[in-house]
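Observations on the model geometry
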Amino acid sequence: MELYIDTANLEEIRQAHEMGVLDGVTTNPSLIAKEGVDYGRRLAEICEVVPGPVSAEVIATDFDGMLREGRDRATIAQNIVVKLPTTAEGIRACKALSDEGVRCNMTLCFQALQAWLAAKAGAFLISPFIGRIDDVGQDGMDLIHQIRQIYDNYGYPTKLLAASIRHPKHMLDCALAGADVATVPFSVIRQILKHPLTDIGLERFIRDYQGAFASRK
Ligand code: G3P
């Protein structure tokens, strides 16, 4: 499973990239608003750090606007992926941009047939939001399983990118379900590496070693 970081914070992106395990980045208007920076400039900065796919969302919701913004965002860097909402206009824009060779990430996907249409429109990525489905009392993982099955049934090459991941259990379930990509906040990447037995074990190794050899100096 590929690992993307879901943030527009440059410092977090740099730190995750330095770990050597980062495959890409996703951003959205809310994440950019949190940083209070110019979207285009920040995307260019992110693309300088990370060579993998960097998702850049459009603000327009109409076909012409999405096409215009999508083409514009695609000129920022060669690794930009244009992020579009999975609406009727968004699907149409996805088809048009994909036909021009621009890779698209279809976002705000909440049911499997949206993912099916995104695949038919040539999307590079589909982004089902599992945490937000859990938030309304349903099981977000059901959607991941359904999309995986539909894509496998027909051999669609669109990558299943699990989004709105809130904790390591979501990530583990996505890996077991065969998601192609998980995009996660930096806090979740850190949580994955935090286990009390790792910390206790490491402390004991160092203590035992120092206890045996420190006095011989
Ligand atoms: O990638 C989409 C993601 O940013 C949404 O996450 O936590 O706002 O539901 P969340």
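Predicted model, so just to flag it, every value in this text is computed and none were measured.

**Points about the overall build of the protein**
In terms of regular secondary structure, the protein is built from 11 helices and eight strands. Across its three principal directions, the C-alpha atoms of the protein cover 75 × 40 × 30 Å. Going through the 217 residues of the protein one by one, you find that 47% of them count as buried. Sequence separation of at least 24 residues holds for 56% of the intrachain contacts in the protein that already meet a minimum separation of 6. Looking at charge distribution, the protein has the averaged site of its 23 positive side-chain charges lying 4 Å from that of its 28 negative ones.

**Regarding the pattern of salt bridges**
Summed over all chains, the structure comprises 12 salt bridges. Taking the shortest distance from any N to any O, the salt bridge between Lys 159 and Glu 2 comes out at 2.6 Å. Remark: Glu 2 occurs in strand E1 (residues 2-6) and Lys 159 occurs in strand E7 (residues 159-162); sequence separation between them is 157 residues. Looking at Lys 159, the relative accessible area reads 24%, which means it is partly exposed.

**With respect to the site of the ligand**
What surrounds the ligand is the set Asp 6, Asn 28, Phe 129, Arg 132, Ala 163, Ser 164 and Arg 166. Asn 28 places a polar side-chain atom, nitrogen or oxygen, 3.1 Å from an oxygen atom of the ligand. Contact distances for the ligand include 2.9 Å between an oxygen atom and a side-chain N or O atom of Arg 166. Contact with the protein chains covers 81% of the free accessible surface of the ligand, which is 310 Å². Residues of the shell around the ligand, tallied by class, amount to two nonpolar, two polar and three charged.

Parameters at a glance
Residues numbered from 1 in each chain as written. Predicted model: local features only at pLDDT ≥ 70, side-chain atom pairs only at ≥ 80, totals over all residues. Heavy atoms only, no water. Helix = DSSP H or I, 4+ residues; strand = E, 2+ residues; numbered from the N terminus. Buried < 20%, exposed > 50% of the residue type's maximum accessible area, 1.4 Å probe, protein only. Contact = heavy atoms within 4.5 Å. Lys, Arg positive; Asp, Glu negative; His and termini not counted. Charge placed at Lys NZ, Arg CZ, Asp CG, Glu CD. Salt bridge = Lys/Arg side-chain N within 4 Å of Asp/Glu carboxyl O. Near = heavy atom within 4 Å. Polar contact = N/O pair within 3.5 Å; in protein donor to acceptor, adjacent residues only side chain to side chain. Areas by Shrake-Rupley, 256 points an atom, 1.4 Å probe, with all protein chains shown as cover. Nonpolar A, V, L, I, M, F, W, Y, C, P; charged D, E, K, R; others polar.

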